[in-house]
Amino acid sequence: MSAVREPAAEAAQQVPDNEAEAAQEVPRNGAEAGRGYVSRVGGRVRFRDLLRAEWVKYWSLRSTYAVLGVGAAVAVGINVNSARSNEELLSRPNTPAPGLPERPVDKQFLFDPLSTAFTSPAWQILMVVAAGLGAMALTGEHGSGLIRTTFAAVPARRAVAAAKGAVVVAVTSVLGAVVAGVSFGVTQAVLREHGGLSITDPGAFRAVAASALLIPVCALIGLATGALVRHSAGSVGAVVGLLVLAPGLFNGETYRWVREIGNVMPVNAWQKLIQNPERHYGTPKYPVTETEAWVALGAWALVAAVLVLWVVERRDV
C-alpha cells in the first residue's frame, strides 16, 4: 500500500509546481505582444487572431444588424424629413403685406441648408445607438458569463479589450460615415432650389467629418461605460444621461466653469463643428473654437480607451 501512496503523493506535490510554471508562462498584460499572446488552450494567439474572434462574436448577434440598420434609417429619415419640410415652407410665396416697407435681410435669420443634414434629434439618437453597441460588446459577455471563458483562453485582458475596441470603432466609423454622407447628400439635393450646398462649400466637409467622427467617439464612451457598469440596461441608461441629458445641465452662462464644461461635452463640441461659416449665430459669452472642439472629441475618445484598458485589467470578472 505504501508503494502505491508514494507516487500519488509525489504527483499531488507536483501539481502546484506545474500550475505555478503555467501561470508564469501566461503573461496577463500581453507584454510579449511582438511574438503574440500565450493562450491557456495551447499555442500563441496574435492580435489579428483576437480581432478575427471579436469580429465573429460581434456579428454573430442578429440584433447587431437590426440596431445598425434601424439606427441609420431613423437618423437619415429625420434629416430628410426636416429638409422636405423646409423645402415646402421655402417654396411658398412670401409676399409682404401691402403698405409695409421691405426690410433688409438679416444674416442671422437666413435659412441654413447645412443644419437640415445634421439635426440634433437625429444625431442624438445615433449617439445613443453607437454607445449602446459599444457597451454591449462587453456587457453581453459579462451577462452570459462568456467573459470568464474569454479571459481563461486569452489571459492578456488588455489585448482582448483592445480588439473589442478596434472592432467597435471600425463598425461605428462606417456607420457614422455612411449616415453623415447620405444625410448631407440627400438633404442638399432636396434643397437644391433653396441654396443647397455641395461638399466643397465652406464648412460642409468639416460638418460631415465631425458628424462621422462623433459616432465612434460615442461608441468608445459606451465601451468604457460597459466596462464600469457591466450591465446592459444600466450602461444604456448611463450613456443616455451622459451624452444626451448632462449637456443640458451645462448650457448656462452665469458661471464660466459651467459653460466651459458644457463646451467640451461631445454633443456641444459637435454642434460647434457643424456650424455654417456663412451664417451668423451670434457670439456667446464663453465661446469655444473649432480647434478646441476637435480636441474635445479626441480627448473623449482617448480617455474612454484608456479607461477600458485600465478597468478590464484591474477588476475581477
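Scroll up to find the structure.
This text gives an overview of the structure that appears in the document. Since this is a predicted model, take the numbers as computed values, not measurements.

Points about the overall build of the chain
Inference 1: Helix and strand counts for the chain come out as 12 helices and 2 strands.
Inference 2: Going through the 317 residues of the chain one by one, you find that 39% of them count as buried.
Inference 3: A separation of at least 24 residues holds for 79% of the contacts in the chain among residues at least 6 apart in sequence.
Inference 4: As displayed, the chain offers around 17,200 Å² of accessible surface, 61% of which is attributable to carbon and sulfur atoms.

Some points on the packing of helix α5 (residues 120–144) against helix α11 (residues 266–273)
Inference 1: The interhelical angle for the contact between α5 and α11, taken along N-to-C directions, is 135°, at an axis separation of 12 Å. Between α5 and α11, the angle falls in the class oblique. The two elements α5 and α11 meet at a crossing, and its hand is right-handed. Residues Ser120, Trp123, Gln124 and Met127 of α5 lie in contact with α11, whose contacting residues are Val267, Trp270 and Gln271.
Inference 2: In terms of residue class, the contact of α5 with α11 is made up of 4 nonpolar, 3 polar and no charged.

Some words on a nonpolar patch on the surface
Inference 1: On the surface, Val174, Val178, Val182 and Val186 cluster together into a nonpolar patch covering about 290 Å² of accessible area.
Inference 2: Tracing the backbone through its elements, the reader meets Val182 in helix α7 (residues 157–190).

Observations regarding the pattern of salt bridges
Inference 1: Throughout the structure, instances matching the rule amount to 8 salt bridges.
Inference 2: Salt-bridge contacts for Arg52 lead to Asp49; the nearest nitrogen and oxygen are separated by 3.1 Å. Remark: Asp49 and Arg52 occur in helix α2 (residues 47–59); sequence separation between them is 3 residues, near one turn of the helix.
Inference 3: Overall, the relative accessible area of 27% leaves Asp49 in the partly exposed class.
Inference 4: Between Lys57 and Glu54 there is a salt bridge, with its nearest N and O atoms 3.0 Å apart. With Lys57 and Glu54 both in helix α2 and 3 residues apart, this pair spans about one turn of that helix.
Inference 5: The class of Glu54 is buried, set by a relative accessible area of 8%.
Inference 6: Counted as one network, the salt bridges with shared partners bring together Glu54, Lys57, Glu141 and Lys164.

Details of unusual backbone geometry
Across the chain, the bulk of peptide bonds are trans and the bulk of non-glycine residues have phi less than zero.
Inference 1: Positive phi outside glycine occurs at Arg230, with the angle close to 65°.
Inference 2: Exposure remark for Arg230: the relative accessible area of 21% places this residue in the partly exposed category.

Overview of the packing of aromatic side chains
Two aromatic rings, taken as a pair, are described by how far apart their centres are and by the angle between their planes.
Inference 1: Per the stated rule, a full pass over the model turns up 5 aromatic pairs.
Inference 2: When the centroid spacing of 5.8 Å and the interplanar angle of 80° are considered together, the rings of Tyr58 and Trp59 count as edge-to-face.
Inference 3: Under the relative-accessibility criterion, Tyr58 is labelled buried at 9%.
Inference 4: Classification of Trp59 as partly exposed rests on a relative accessible area of 22%.
Inference 5: The rings of Trp55, Tyr58, Trp59 and Tyr65 are connected pair by pair, giving a single aromatic cluster.

What to know about the layout of surface pockets
Inference 1: Roughly 530 Å³ of internal volume is contained in the largest pocket.
Inference 2: Lining the largest pocket are 23 residues; nearest its centre among them are Gln271, Lys272, Gln275, Tyr281 and Pro284.
Inference 3: Of all the elements in the fold, those that place two or more residues in the lining of the largest pocket are α10 (256–263) and α11.
Inference 4: The greatest single-element share of the lining of the largest pocket, amounting to 4 residues, is contributed by α11.
Inference 5: By residue class, the composition of the lining of the largest pocket is 8 nonpolar, 10 polar and 5 charged.

Topic: the packing of α7 against helix α8 (residues 204–229)
Each pair of packed helices can be summarised by the angle the axes make with each other and by the distance between the axes.
Inference 1: For the pair α7 and α8, the least separation of the axes is 8 Å and the interaxial angle reads 150°. Taken together, α7 and α8 sit at an angle that is classed as roughly antiparallel. α8 is crossed by α7, and the crossing has right-handed handedness. Across from Gly165, Val168, Val169, Thr172, Ser173, Leu175, Gly176, Ala177, Ala180, Gly181 and Phe184 in α7, the residues of α8 making contact are Ala204, Val208, Ser211, Ala212, Ile215, Pro216, Ala219, Leu220 and Leu223.
Inference 2: The residue inventory of the contact of α7 with α8, partitioned by class, reads 14 nonpolar, 6 polar and no charged.

Observations regarding the nonpolar core
Inference 1: Counting 67 residues, the largest nonpolar core has Phe118, Trp123, Val179, Phe184 and Trp270 as its most contacted members.
Inference 2: At 15 residues, α8 tops the list of elements feeding residues into this core.
Inference 3: What Phe184 contacts, discounting residues up to four positions off in sequence, is Leu114, Ala117, Phe118, Leu197, Ser198, Ile199, Ala204 and Val208.

Describing the side chain of Glu141
Inference 1: Among the secondary structure elements, Glu141 is positioned in helix α5.
Inference 2: Discounting chain neighbours no more than four positions away, the residues touching Glu141 are Glu54, Lys57, Leu146, Ile147, Thr150 and Lys164.

How each quantity is defined
Residues numbered from 1 in each chain as written. Predicted model: local features only at pLDDT ≥ 70, side-chain atom pairs only at ≥ 80, totals over all residues. Heavy atoms only, no water. Helix = DSSP H or I, 4+ residues; strand = E, 2+ residues; numbered from the N terminus. Buried < 20%, exposed > 50% of the residue type's maximum accessible area, 1.4 Å probe, protein only. Contact = heavy atoms within 4.5 Å. Areas by Shrake-Rupley, 256 points an atom, 1.4 Å probe, with all protein chains shown as cover. Axes fitted to C-alpha atoms, helices over the stretch in contact; angles between N-to-C directions. Parallel < 35°, antiparallel > 145°, perpendicular 65-115°, else oblique. Left-handed = near helix turned anticlockwise from the far one by under 90°. Nonpolar A, V, L, I, M, F, W, Y, C, P; charged D, E, K, R; others polar. Patch = residues over 30% accessible without salt bridge, like charges linked within 9 Å, V, L, I, M, F, W, Y side chains within 5 Å. Salt bridge = Lys/Arg side-chain N within 4 Å of Asp/Glu carboxyl O. Phe/Tyr/Trp six-rings, centres within 6.5 Å; stacked < 30°, edge-to-face > 60°. 1 Å grid on protein atoms, 1.4 Å probe; cavity = no way out; pocket = protein on both sides within 12 Å on 5 of 7 lines; lining within 4 Å. Points joined across faces, edges and corners; volume = space filled by probe spheres on them. Core = buried A, V, L, I, M, F, W, Y, C linked by side-chain atoms within 4.5 Å.

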